[in-house]
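Each chain, written out:
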Amino acid sequence: MEGSSLMKRSFYFVKGMALMLILTVCIMWTNRILLPKYTSSDGWPTTSTFLKFYDLEKDSVDVLFLGSSHMAAAVNPIQLGEEFGIRAYNLSSEQQNLFVSYYWLKEALRFQKPKKVVLDCYFLERISFQPLNSEESFIRKSMDYMKWSVVKREAVDELCSLDSGQSKVSYYLTNIRFHERWKNLTKSDFASYKEIADHDGLNGYKRLTQKYGEEDYMPIVDGADQTMRAFADPMGTYLDKIRTLCSKNDIEMILIMTPYFYEDAGLHNAISAYARENQIAFYDFNEENLYCAIDYNFRDDNCEKSHVNENGASKITSYLGRILY
């Protein structure tokens, strides 16, 4: 009798485990299908940028670029490789605030050992009234495709502690957040991650071709205006965290700003002061001397008021290549 009872308990245990496994697979499959996918065909190559990063050979990146769409449009890693032999990857994405940049740097260091990290400073100014200075939808574009590990768990915990409007559960079970997408699924939602990763092939760069066509942009004259603007909270904190993380890993940190219509001397001066204090190189392509040094023309080299086009990206990439080489 005892043997029979033990066999029954074992049978129910195995059956229960099998059902749990099936349920887990179904949830994972649902999560994967319902997650929005973003490639250059949809605007910015956010999904393919992060998925392709995971396909890279281990320790194959010497220079890592992080930041918002400003950086994604401004630096072409393929050009860096062809002109200078620099192995680079652009991990930037739309409205990538410095919180997200920090955690993607932590994640990247699990797989790569870059010698230099180039950080876009656009989100040091107040862009959004949300707690982390960017909308939840843009944060998710960056975070939802990060692999689960201690890094992502820490990021989600910290994110939700800083923004009470976000839910931890929805990051673990993304079908909760995107459950209504089943009505609008397309063929791309069923594509393999390998197909999505290989969709763009530009290592995170977003090629923009439109020309701004207007001439009302004026570069900043360094030293002409002494105003100083405070960094948006808590972006300054995460700038410090990125700097500390780079220092601990013997990575040279470089700050840049790409040409855009809204930067003023106050932000430029604040970043310059931070860079001097912490002995970090800062290249602001809005500053007149540097703007002229690369023969930049806002009318022809910007896509619109915020992002550089392929002409501008070629000039900025070549300049950075000579610095990074």
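Here, every reference points to the structure presented above.
Presented here is an overview of the structure given in this document. Every value quoted in this text rests on a predicted model; they were computed, and no experiment measured them. (Residues numbered from 1 in each chain as written. Predicted model: local features only at pLDDT ≥ 70, side-chain atom pairs only at ≥ 80, totals over all residues. Heavy atoms only, no water.)

### A look at the pattern of salt bridges
- What the rule picks out here adds up to 21 salt bridges.
- The partner of Arg 140 in a salt bridge is Glu 136, with the nearest N and O atoms 3.6 Å apart. In this pair, Arg 140 and Glu 136 both sit in helix 6 (residues 136–143), four residues apart, roughly one turn of the helix.
- Two residues, Arg 140 and Asp 144, come together in a salt bridge whose shortest N-O distance is 3.1 Å.
- Judged by its relative accessible area of 2%, Arg 140 is buried.
- One salt-bridge network, in which partners are shared between bridges, spans Lys 52, Asp 55, Lys 194 and Asp 198. (Salt bridge = Lys/Arg side-chain N within 4 Å of Asp/Glu carboxyl O. Helix = DSSP H or I, 4+ residues; strand = E, 2+ residues; numbered from the N terminus. Buried < 20%, exposed > 50% of the residue type's maximum accessible area, 1.4 Å probe, protein only.)

### Observations concerning the packing of aromatic side chains
- Tallied over the full model, the rule gives 25 aromatic pairs.
- Cluster of aromatic residues (ring-pair linked, three or more members): Tyr 212, Tyr 217, Phe 261, Tyr 262, Tyr 291, Tyr 296 and Phe 298.
- Sitting over the ring of Tyr 171, Arg 140 keeps its end group 3.9 Å from the ring centre. (Phe/Tyr/Trp six-rings, centres within 6.5 Å; stacked < 30°, edge-to-face > 60°. Lys NZ or Arg CZ within 6 Å of the ring centre and 35° of its normal.)

### Observations regarding the nonpolar core
- Counting 57 residues, the largest nonpolar core has Leu 64, Leu 91, Leu 98, Trp 104 and Leu 255 as its most contacted members.
- Counting residues per element, this core draws most heavily on helix 5 (residues 98–108), at eight residues.
- If we skip the residues at most four places from it in the chain, Leu 64 touches Phe 53, Tyr 89, Leu 91, Leu 105, Ala 108, Pro 114, Lys 116, Val 117 and Val 118. (Core = buried A, V, L, I, M, F, W, Y, C linked by side-chain atoms within 4.5 Å. Contact = heavy atoms within 4.5 Å.)

### Looking at helix 5
- Counted residue by residue, helix 5 has 10 buried out of 11 residues, so it is predominantly covered.
- Those residues of helix 5 not exposed but buried are Leu 98, Phe 99, Val 100, Ser 101, Tyr 102, Tyr 103, Trp 104, Leu 105, Glu 107 and Ala 108.
- Those residues of helix 5 hidden inside the fold are in contact with helix 2 (46–55), strand 1 (63–66), strand 3 (116–120), helix 6, helix 7 (150–162) and helix 11 (235–248).
- Near the N-terminus of helix 5, the side chain that reaches the backbone nitrogen of Phe 99, with its oxygen 3.0 Å away, is that of Asn 97. (Polar contact = N/O pair within 3.5 Å; in protein donor to acceptor, adjacent residues only side chain to side chain.)

### Details of the sheet that holds strand 5 (residues 281–284)
- Taking strand neighbours across the sheet as the criterion, the five strands line up as 2-1-3-4-5 in an open arrangement whose pairing is parallel. Edge strands, defined here as strands with exactly one partner in the open sheet, are strand 2 (88–90) and strand 5. If you compare each strand with its neighbour and ignore which way they point, the axes differ by 20° on average.
- The sheet contact formed by strand 4 (residues 252–257) and strand 5 spans four bridges and is parallel. (Pairing = 2+ DSSP bridges. Axes fitted to C-alpha atoms, helices over the stretch in contact; angles between N-to-C directions.)

### Section: the packing of helix 5 against helix 11
- Direction vectors running N to C along helix 5 and helix 11 enclose 20°, while the axes themselves pass 8 Å from each other. When the axes of helix 5 and helix 11 are compared, the pair comes out roughly parallel. Seen along the crossing, helix 5 lies across helix 11 with a hand that is left-handed. Along its contact with helix 5, which presents Leu 98, Phe 99, Ser 101, Tyr 102, Leu 105 and Lys 106, the element helix 11 presents Met 235, Tyr 238, Leu 239, Lys 241, Ile 242, Leu 245 and Cys 246. (Parallel < 35°, antiparallel > 145°, perpendicular 65-115°, else oblique. Left-handed = near helix turned anticlockwise from the far one by under 90°.)

### Observations regarding the environment of Lys 315
- Tracing the sequence through the fold places Lys 315 in helix 15 (residues 310–324).
- Residue classification places Lys 315 among the partly exposed residues on the basis of a relative accessible area of 25%.
- Each C-alpha atom, one on Lys 315 and one on Ala 74, is 8.9 Å from the other, the two residues being 241 residues apart in sequence.
- When neighbours within four sequence positions are excluded, Lys 315 is seen to be in contact with Ile 294, Asp 295, Tyr 296, Asn 297 and Asp 301.

### Quick notes on the side chain of Asp 62
- Tracing the chain through its elements places Asp 62 in the loop between helix 2 and strand 1.
- A residue is classified by how much of its surface remains accessible, and Asp 62, at 17% relative accessible area, is buried.
- The contacts of Asp 62, once residues within four sequence positions are left out, are Arg 87, Pro 114, Lys 115 and Lys 116.

### Observations regarding the pairing of strand 3
- Of all five residues in strand 3, five are buried; the element is thus mostly enclosed.
- A two-sided burial pattern is seen for strand 3, the buried positions comprising Lys 116, Val 118 and Asp 120 on one face and Val 117 and Leu 119 on the other.
- As defined by bridge partners, strand 1 adjoins strand 3 across four bridges and the pair is classed as parallel. Opposite Leu 64, over in strand 3, you have Val 117 as the bridge partner.
- Taken together, the five bridges between strand 3 and strand 4 define a ladder with parallel strand orientation. Counterpart to Leu 119 in the pairing with strand 4 is Leu 255.

### Here's the deal with unusual backbone geometry
- For the peptide bond that leads from Asp 233 to Pro 234, omega is 0°, which places it in the cis range.
- Its location among the elements puts Pro 234 in the loop between helix 10 (193–197) and helix 11.
- Non-glycine residue Asn 133 carries a positive phi angle of around 70°.
- On the accessibility criterion, Asn 133 (0% relative accessible area) is buried.
- Despite not being glycine, Asp 295 shows a phi value in the positive range, around 55°.
- Its place among the elements puts Asp 295 in the loop between helix 13 (288–293) and helix 14 (298–301).

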